[in-house]
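Below, each chain spelled out in residue letters.
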Amino acid sequence: MDPAQLMLNYGGDAASRKDTVREETIAARLMESSTGEIRLMEMICERENMRNALRRVESNDGAPGIDKMKVTRLRGFLRRTGKAVKAALLNGTYKPKPVRRKEIPKPDGGIRLLGIPTVLDRFVQQCIAQVLQEIWEYTFSAYSYGYRPGRSQAQAVEQFRKYVEEGYTYVVSLDLSKFFDRVNHDRLMSRLAHRIKDKRVLKIIRAFLNSGIMVNDLVEYPGEGTPQGGPLSPLLSNIVLDELDKELERRGLRFVRYADDIVILVRSQREGDEVLRSVSRFITRKLKLKVNEEKSSVVRPWNAKFLGYRVTRIFGVTRTVIHPKTVKRFKDKIRDITRRVRGRNINKVIGHVSKKDTFGSQEHGFFNPRHDSCRTTADKYDCTS
């Protein structure tokens, strides 16, 4: 068997849900006290929540924002100013700084725009995200896998494979054009206000959305979008796209979503064409987002690319297979990292190759050196060829 053809066995049934009654109780407790007093910001500012947020920001590390303060300085900074930061949050006077623009080339061309918040703003966003995650988690679709606790890309790809195995062999591949840069602020805030009654929390989220982007020493205020780079952005994107998930569920469609990567599986080309038209219309008119028509299409699963994989039948068995474009990206990056003219220490080169974010997620197993399949696949795709 071709060593590049890997079967993903992670995950479990995507339809399985946690104890929603327990989660609803947690969510209700987080939104207001037993006396009806709205104290969500107090929950955000609790000592344990802030400690967990600090540990998370430190473990994620990351580049500094416009103030150039590094993550390693955050703990000491909070020792000196933590009380003032907490007071500003509680009385509604905290003001986020603009994010720093960073451009990342996409593997298939184009530029991905990131917004890097200051380390302190990342800490505050993390405090907020941890509490809001508990409020919204139980409401999200069972077929949404991105940026959620206990869920992964591997589970999303496995669910994709299961649909194909069940006979849904036409893939409606939707590409949302610059999704994170086009989120409508008013619609997002309206959805948040349905569940958040603490006006201080709504105010600071709006402040983060409107904080601006520093580009060449000038601050721009685009008026839309949730720039990628902060801890709050993934949760807000899930809240926006949960409306799409609910619409797809209402229609009885089989779908898998990982952040803004969406595939819908149907049984025929004709059905796929109709779903593509109607869902694109819903996204444009209702969600106020833009569908990239050139990159959105109806294809067979062995031609579709979802999170770096495609699905095909090998010896009568439905399997997940590394997509050729993913392999090409792998080879190109290996060539770039190991080219002789860079003159780097071999240990640093090995460390770079082994980094989790060098080739994307390692959770599938393809780039995980502990798996034999990784080594045999790397041998097959000799990067010198």
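None of these values were measured; they are calculated from a predicted model.

Novice: Please explain the overall build of the protein as it appears in this structure.
Specialist: Scanning the protein for helices and strands turns up 14 helices and 10 strands. In the structure as shown, the protein presents an accessible area of about 20100 Å², 49% of it carried by carbon and sulfur atoms.

Novice: What am I meant to see in the side chain of Arg-161 here?
Specialist: Inspection of the secondary structure assignment puts Arg-161 in helix α6 (residues 153-165). When its relative accessible area of 5% is taken as the criterion, Arg-161 is described as buried.

Novice: Before we go on, may I ask you to explain a positive patch on the surface in this structure?
Specialist: Together, Lys-106, Arg-112, Lys-178 and Lys-290 line one region of the surface with positive charge. You can see Arg-112 is positioned in strand β2 (residues 111-116). The exposure class of Arg-112 is partly exposed, given its relative accessible area of 34%.

Novice: What's the story with the confidence of the model for the protein in this structure? I'm lost.
Specialist: For any part of a model where pLDDT is low, the fine detail of the predicted coordinates should not be relied upon. Mean pLDDT over the protein: 82, with 77% of residues reaching 70 or higher. Below a pLDDT of 50 lies the segment residues 1-18, which in the model reaches 53 contacts outside its immediate sequence neighbourhood of four places, other chains included. The low-confidence segment residues 381-385, where pLDDT is below 50, has 10 contacts with residues more than four positions distant or belonging to other chains.

Novice: I'm lost on the sheet that holds strand β5 (residues 218-220) in this one. Help?
Specialist: Backbone-to-backbone hydrogen bonds join strands into a sheet, with any given pair of strands oriented parallel or antiparallel. With mixed pairing, the 4 strands of this open sheet are ordered in space as β2-β1-β4-β5. Looking at which strands have only one partner, the edges of the open sheet turn out to be β2 and β5. Strand-to-strand, the axes of this sheet are offset by a mean angle of 45°, without reference to chain direction. In terms of strand pairing, strand β1 (residues 99-105) meets β2 through 6 bridges, oriented antiparallel. Paired with Lys-102 across the strands is Leu-114, a residue of β2.

Novice: Would you take a moment to explain the pairing of β1 for this structure?
Specialist: The two faces of a sheet get side chains in turn, since along a regular strand they alternate between them. Relative to strand β4 (residues 213-215), β1 runs parallel, the two sharing 2 bridges. Within β4, the residue paired with Arg-100 across the bridge is Met-214.

Novice: Looking at this model, I keep getting lost on the layout of surface pockets. Mind explaining?
Specialist: A water-sized probe, rolled over the atoms, reveals where empty space remains. Put simply, the second largest pocket is a space of about 550 Å³. In terms of lining, the second largest pocket is formed by 15 residues, of which the most central are Arg-47, Met-50, Arg-51, Leu-78 and Gly-82. Of all the elements in the fold, those that place two or more residues in the lining of the second largest pocket are α3 (47-60) and α4 (74-91). Looking at which element gives the most residues to the lining of the second largest pocket, the answer is α4, with 9 residues.

Novice: Help me understand the packing of aromatic side chains in this model?
Specialist: Any pair of aromatic rings gets described here by the distance separating the centres and the angle formed by the planes. On inspection of all chains with the given rule, the structure shows 6 aromatic pairs. Between Tyr-143 and Phe-255 the ring centres are 5.8 Å apart and the planes differ by 65°, which places this aromatic pair in the edge-to-face class. In this pair, Tyr-143 sits in the loop between α5 (119-136) and α6 while Phe-255 sits in strand β6 (residues 254-258), placing the two residues 112 residues apart along the sequence. The exposure class assigned to Phe-255 is buried, which follows from its relative accessible area of 1%. For the ring pair Phe-179 and Phe-180, a centre distance of 5.1 Å and an interplane angle of 70° mean the geometry is edge-to-face. The class of Phe-179 is buried, set by a relative accessible area of 2%. Through a chain of ring-to-ring contacts, the aromatic side chains of Tyr-143, Tyr-163, Tyr-168 and Phe-255 assemble into a single cluster. The ring of Tyr-145 carries the charged tip of Arg-151 above its face, separated from the ring centre by 5.2 Å. Here Arg-300 stacks its cationic end above the ring of Tyr-170, 4.1 Å away from the centre of that ring.

Novice: Quick question: what am I supposed to make of the nonpolar core here?
Specialist: Grouped burial of nonpolar side chains is what soluble globular proteins tend to show. Ranked by size, the top nonpolar core spans 67 residues in total, and within it Phe-123, Leu-192, Ile-205 and Ile-264 carry the most contacts. Looking at this core element by element, the count peaks at 11 residues for α5. Those residues in contact with Leu-192, other than ones at most four positions away along the chain, are Trp-136, Leu-202, Ile-205, Leu-236 and Ile-239. Counting 20 residues, the second largest nonpolar core, distinct from the first, contains Tyr-145, Ala-156, Ala-259 and Val-311.

Novice: Help me understand the pattern of salt bridges in this model?
Specialist: Scanning the model with the defined rule gives 17 salt bridges in all. Glu-243 is the partner of Arg-191 in a salt bridge, and the nearest nitrogen-oxygen pair spans 3.5 Å. With Arg-191 in helix α8 (residues 185-195) and Glu-243 in helix α10 (residues 232-250), this residue pair connects regions lying 52 residues apart in the sequence. As a salt-bridge pair, Lys-246 and Asp-242 come within 2.7 Å of each other at their nearest N and O atoms. Taken as a pair, Lys-246 and Asp-242 lie in helix α10 at a separation of 4 residues, close to a single helical turn. Judged by relative accessible area, Lys-246 falls into the partly exposed class, the value being 32%.

Novice: Got a minute to help me understand the environment of Val-201 in this structure?
Specialist: The topology assignment puts Val-201 in helix α9 (residues 199-209). According to the relative accessible area criterion, Val-201 is buried, its value standing at 0%. Between the alpha carbons of Val-201 and Leu-132 there is a distance of 9.9 Å; along the sequence they are 69 residues apart. Residues contacting Val-201, with those up to four places away along its chain left out, are Leu-40, Met-41, Ile-44 and Ile-196.

What counts, and at which threshold
Every chain is numbered independently, its residues counted from 1 as its sequence is written. Restriction of local features to residues with pLDDT of at least 70 applies here, the model being predicted, together with a cutoff of 80 or more for giving and counting side-chain atom pairs; totals for whole chains, interfaces and linings are based on all residues. Side-chain calculation: all heavy atoms of the structure are included, whereas hydrogens and water are not. We count a stretch as a helix when DSSP gives it H or I for four or more residues in a row; a strand needs E for two or more, and each element gets its number in order from the N terminus. Methods summary: accessible areas were calculated by the Shrake-Rupley approach with a probe of 1.4 Å, and residue burial reflects only the protein chains presented. Exposed residues in this analysis have more than 50% of their type's maximum accessible area, buried residues have under 20%, and partly exposed residues fall in between, with area computed by a 1.4 Å probe over protein chains only. Surface patches are defined over residues having more than 30% relative accessible area and no salt bridge, joining like charges when they lie within 9 Å and nonpolar side chains (Val, Leu, Ile, Met, Phe, Trp, Tyr) when within 5 Å. When a carboxyl oxygen of Asp or Glu is within 4 Å of a side-chain nitrogen of Lys or Arg, the pair counts as a salt bridge. When charges are counted, Lys and Arg are positive and Asp and Glu negative, with His and the chain ends excluded. In plain terms, the charge of a residue is placed at NZ if it is Lys, CZ if Arg, CG if Asp and CD if Glu. By definition, pLDDT measures how confident the predictor is in each residue, and it falls between 0 and 100. We call two residues contacting when some pair of their heavy atoms lies within 4.5 Å. For two strands to pair, DSSP has to find at least two bridges joining them. Orientation is described by axes fitted as lines to C-alpha atoms, over the contacting stretch for helices, and by angles from 0 to 180 degrees between their N-to-C directions. Only protein atoms enter the 1 Å grid used here. Points where a 1.4 Å probe fits but cannot escape make up a cavity, open sets with protein on both sides within 12 Å along at least five of seven lines make up a pocket, and a residue lines them when an atom lies within 4 Å of a point. Grid points are joined across faces, edges and corners, and a volume is the space filled by probe spheres set on the points. Any two rings among Phe, Tyr and Trp, with Trp reduced to its six-membered ring, count as a pair given centres within 6.5 Å; such a pair is stacked if its planes are under 30 degrees apart, edge-to-face if over 60, and tilted if neither. Only when the NZ atom of a Lys or the CZ atom of an Arg is both within 6 Å of the ring centre and within 35 degrees of the ring normal do we say a charge sits over the ring. Grouping buried Ala, Val, Leu, Ile, Met, Phe, Trp, Tyr and Cys residues that are joined through side-chain atoms within 4.5 Å yields what is termed a nonpolar core.

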